[in-house]
Amino acid sequence: MSSTEQTAPRSDLPQMVSAGGGANQVRVRAYNERLVLSLVRRQGGISKADIARQTGLSAQTVSVIMRALEKDELLVRGKPIRGKVGQPSVPMFLNPDAVFSFGVKIGRRSADLILMDFVGKIRLQLHRTFRYPEPKEIVTFIVGGIAELEARMSSEQKTNVAGIGIAAPFELWNWAEEVGAPRGAMDAWRDFDLQAKVAGHVSYPVFLQNDATSACGAELVFGLGSRYPDFVYFYIGSFIGGGIVLNSTVFVGKTGTAGAIGPLPVRNKHGETKQLLEIASIFVLENLLQERGIDPQPLWYAATDWIDFGEPLEIWIRDSADAIAQATVAASSIIDFSAAVIDGGFPDWVRRRLVAAVNESFRRLDLQGIQVPEIVEGVVGSQARAIGGASLPIFARYLTDQTVLFKEIEHAEGT
């Protein structure tokens, strides 16, 4: 199916558009194969006997599936574990080189393109900064960047690419003034179909999801999801966003914006009611720096390039922490989350200071009737949005636990 002949998706699902033919024809695995791959992904080092016991499949069925997955080099054998009665147990692992995926993060100050392997490791990456994102330049970055990365990949790696996942803010034209874009400069996004435009230039299937939702999914899959089945997630980029995880599933709601977090009303240090994004977003720190004649450009070069800006950074951390603490109490009054997870596009040392400040602010609030969650650092880091985007094609084609990022994939290949 062409990029203009896509099945209308449900609003709570990320969309996938395929450009049709092309070199990449990685097939969608059968359900039981996906079930086994999902179990191996979650647990790693798992034997055939354990897979049979946990899935309810017969030992014979599991053996047939495992042989097929090994033949396709999706699974690799570990060293036999001896010392028990009977045959030694042979643990099975995902083969990192079996599947690759491109992940794209589109932000209001920068864009990232990564190549991710089957186990979530970034192999290659590109970064681009700008005053504000323009549609045509973004498409050029994605298409040209993929060609640049492909030139650095082996032919086998290119054959094993499952697709492209784009993580981008919904309604990019909103809050353009806050990031200093000229009046009307972002309006071009209103009618611009980024997904279809990219699909028209590449041979891979193209998926699209909200950036904060993607980051939340990445934290669930590759981060703290094994520790906390329910958590509220804050990701601080140019604008703060977030997500909600319930029963180890990202809850996106009927419009895909559940847990957006940013619009939550909180009080600032002057007692005024503001949206959370007006206080705890990086653009606010950028404005503080500009007011003091400090160049804010290091904020956008790369997360690792931040410097300690001194007083403006401390003010921003304190104000952001107070606002995030209030938002955490509000979220916890609705759902008894196990944790509030905080991450963002900044260095680890900034995240540590921010989380410590949130914990301090949280303890000063009225917590009567609240099931107090742990307030913890995210572990995926500044590339969470791109990693979440790259996960979309992999989960759609190979794994059953797609609910970490969406409920049930609907796309152009016969659905």
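Within any chain, residue numbers begin from 1 and follow the written order of that chain's sequence. Where totals are concerned, whole chains, interfaces and linings use all residues; where local detail is concerned, this predicted model gives features only for residues with pLDDT of at least 70, and gives and counts side-chain atom pairs only at 80 or more. For the side-chain quantities, the full set of heavy atoms in the structure was used; hydrogens and water were omitted.

Novice: I would appreciate a short explanation of the sheet that holds strand S11 (residues 249-251) in the present structure.
Specialist: By definition, the strands of a sheet pair up through backbone hydrogen bonds, in either a parallel or an antiparallel sense. Here the rule is simple: two strands pair whenever DSSP picks up at least two bridges between them. Secondary structure elements are taken from DSSP: a helix is a run of H or I of four residues or more, a strand is a run of E of two residues or more, and numbering for both begins at the N terminus. Here we have five strands laid out as an open sheet, ordered S11-S10-S9-S14-S15, and mixed in their pairing. Looking at which strands have only one partner, the edges of the open sheet turn out to be S11 and strand S15 (374-377). Taking the axes of each pair of neighbouring strands and ignoring which way they run, one obtains an average angle of 30° across the sheet. Sheet analysis places strand S10 (residues 240-246) next to S11, joined by three bridges and oriented antiparallel. Its bridge partner lying in S11, Val245 is registered against Val250. Any pair of residues with heavy atoms lying within 4.5 Å of one another is described as a contacting pair. Axes here mean lines fitted to C-alpha atoms, for a helix over just the part in contact, with angles spanning 0 to 180 degrees between N-to-C directions. This element, helix H7 (residues 211-222), spans strand S9 (231-236), S10, S11 and strand S14 (339-344) of the sheet and lies at about 125° to S9. Sheet strands in contact with helix H10 (residues 311-334) are S9, S10 and S14, and its direction is about 155° off that of S9.

Novice: Please clarify how H7 should be interpreted in this entry.
Specialist: Three- or four-residue spacings in an α-helix give side chains the same orientation, since the helix completes a turn every 3.6 residues. A helix's residues, less one, multiplied by 1.5 Å, set its expected span. Here H7 spans 16 Å end to end across 12 residues, near enough to the 16 Å set by a 1.5 Å rise per residue. Note on classification: 1.4 Å probe, protein chains only; a residue is buried when its accessible area is under 20% of the maximum for its type, exposed when over 50%, partly exposed between these limits. With 11 of its 12 residues buried, H7 lies for the most part within the structure. Buried within H7 are the following residues: Asp211, Ala212, Thr213, Ser214, Ala215, Cys216, Gly217, Ala218, Glu219, Leu220 and Val221. Whenever two N or O atoms come within 3.5 Å, that pair is a polar contact, provided that in protein one can donate a hydrogen and the other can accept it, and provided that, for residues adjacent in sequence, both atoms are side-chain atoms. N-capping of H7 is provided by Asn210, with a side-chain oxygen placed 3.0 Å from the backbone N of Ala212.

Novice: What is the right way to look at the packing of H7 against helix H12 (residues 384-398) in this model?
Specialist: Working note: a packed helix pair is described by the angle between its axes plus the distance between those axes. Interaxial distance between H7 and H12 falls to 7 Å at its minimum, and their mutual angle equals 75°. On the basis of their axis angle, the class for H7 and H12 is roughly perpendicular. Counted together, Asp211, Ser214, Ala215, Ala218, Val221 and Phe222 of H7 and Ala384, Arg385, Ile387, Gly388, Gly389, Ser391 and Phe395 of H12 form the full contact between these two elements. Residues that form the contact of H7 with H12 fall into these classes: seven nonpolar, four polar and two charged. Throughout, the term roughly parallel applies to angles under 35 degrees, roughly antiparallel to angles over 145, roughly perpendicular to angles from 65 to 115, and oblique to all others. Nonpolar residues are Ala, Val, Leu, Ile, Met, Phe, Trp, Tyr, Cys and Pro. Charged residues are Asp, Glu, Lys and Arg, and all others, Gly as well, are polar.

Novice: Sorry if this is basic, but what is going on with the packing of aromatic side chains here?
Specialist: Geometrically, a pair of aromatic rings is defined through the distance of the ring centres and the angle of the planes. Within 6.5 Å between ring centres, the rings of Phe, Tyr and Trp (the latter by its six-membered ring) count as paired, and their orientation is classed by plane angle as stacked under 30 degrees, edge-to-face over 60, tilted in between. Within this structure, the stated rule accounts for six aromatic pairs. Judged by centre distance (6.5 Å) and plane angle (25°), the rings of Tyr233 and Tyr235 are stacked. Side by side, Tyr233 and Tyr235 carry an identical accessibility label, which is buried. Centre to centre, the rings of Trp306 and Phe346 are 6.0 Å apart; their planes meet at 75°, and the pair counts as edge-to-face. Taken together, the positions of Trp306 in the loop between helix H9 (298-301) and H10 and Phe346 in the loop between S14 and helix H11 (348-363) put the pair 40 residues apart, joining distant regions of the chain. This pair shows no difference in class: Trp306 is buried, exactly as Phe346 is.

Novice: Would you take a moment to explain H11 for this structure?
Specialist: For H11, with 16 residues, the first-to-last C-alpha span of 23 Å sits near the 22 Å given by 1.5 Å per residue. Looking at the buried residues of H11, the elements they touch are S9, H10, S14 and S15.

Novice: Which parts of the structure should I look at to understand unusual backbone geometry?
Specialist: For residues other than glycine, phi is negative in most cases, and the peptide bonds are mostly trans. Positioned with a positive phi, Glu73 is a non-glycine residue whose angle comes to about 65°. Relative to the elements of secondary structure, Glu73 occurs in the loop between helix H3 (59-71) and strand S2 (75-77).

Novice: Teacher, can you tell me more about the environment of Leu285 here?
Specialist: Along the chain, the position of Leu285 falls in helix H8 (residues 282-291). Judged by relative accessible area, Leu285 falls into the buried class, the value being 0%. The spacing of Leu285 and Ile317 is 32 residues in sequence and 8.9 Å in space, taken between C-alpha atoms.

Novice: What's the story with the environment of Arg190 in this structure? I'm lost.
Specialist: With respect to the secondary-structure elements, Arg190 resides in the loop between strand S7 (161-168) and helix H6 (194-199). Accessibility expressed as a relative area gives 47% for Arg190, which makes it partly exposed. Counting along the chain gives 19 residues from Arg190 to Glu171, while the straight-line C-alpha distance between them is 7.1 Å.

Novice: Would you explain the pairing of S14 in this entry?
Specialist: A regular strand carries its side chains on alternate faces of the sheet. Counting buried positions along S14 gives six out of six residues, so the element sits mostly inside the fold. Of the two faces of S14, the one carrying Ala339, Val341 and Asp343 and the one carrying Ala340, Ile342 and Gly344 are both buried. Bridge analysis of S14 against S15 gives four bridges, and the strand direction is parallel. Of the residues in S15, the one forming a bridge with Val341 is Val376.

Novice: Can you help me understand the packing of H8 against H10 in this one?
Specialist: Remark: H8 packs on H10, axes separated minimally by 9 Å, with the N-to-C direction vectors making an angle of 150°. Viewed along their axes, H8 and H10 form a crossing whose handedness is right-handed. Where H8 abuts H10, its residues Ile282, Val284, Leu285, Leu288 and Leu289 lie against Pro312, Leu313, Ile315 and Trp316. A per-class count over the contact of H8 with H10 returns nine nonpolar, no polar and no charged. Throughout, a crossing is termed right-handed when the near helix is turned clockwise from the far one, and left-handed when it is turned anticlockwise from it by less than a right angle.

Novice: In this structure, what is going on with the pattern of salt bridges? I would like to understand it.
Specialist: Side chains that differ in charge, positive against negative, can pair when their charged atoms come close. Every case where a carboxyl oxygen of Asp or Glu lies within 4 Å of a side-chain nitrogen of Lys or Arg is listed as a salt bridge. Using the criterion set out here, one finds 16 salt bridges in the structure. When the shortest N-O distance is used, the salt bridge between Lys269 and Asp319 registers 3.2 Å. Of the two residues, Lys269 sits in the loop between strand S12 (265-267) and strand S13 (273-275) while Asp319 sits in helix H10, which places them 50 residues apart along the sequence. Residue class for Lys269 comes out exposed when judged on its relative accessible area of 54%. If you follow the salt bridges from partner to partner, you end up with Asp343, Asp348, Arg351 and Glu377 in one network.

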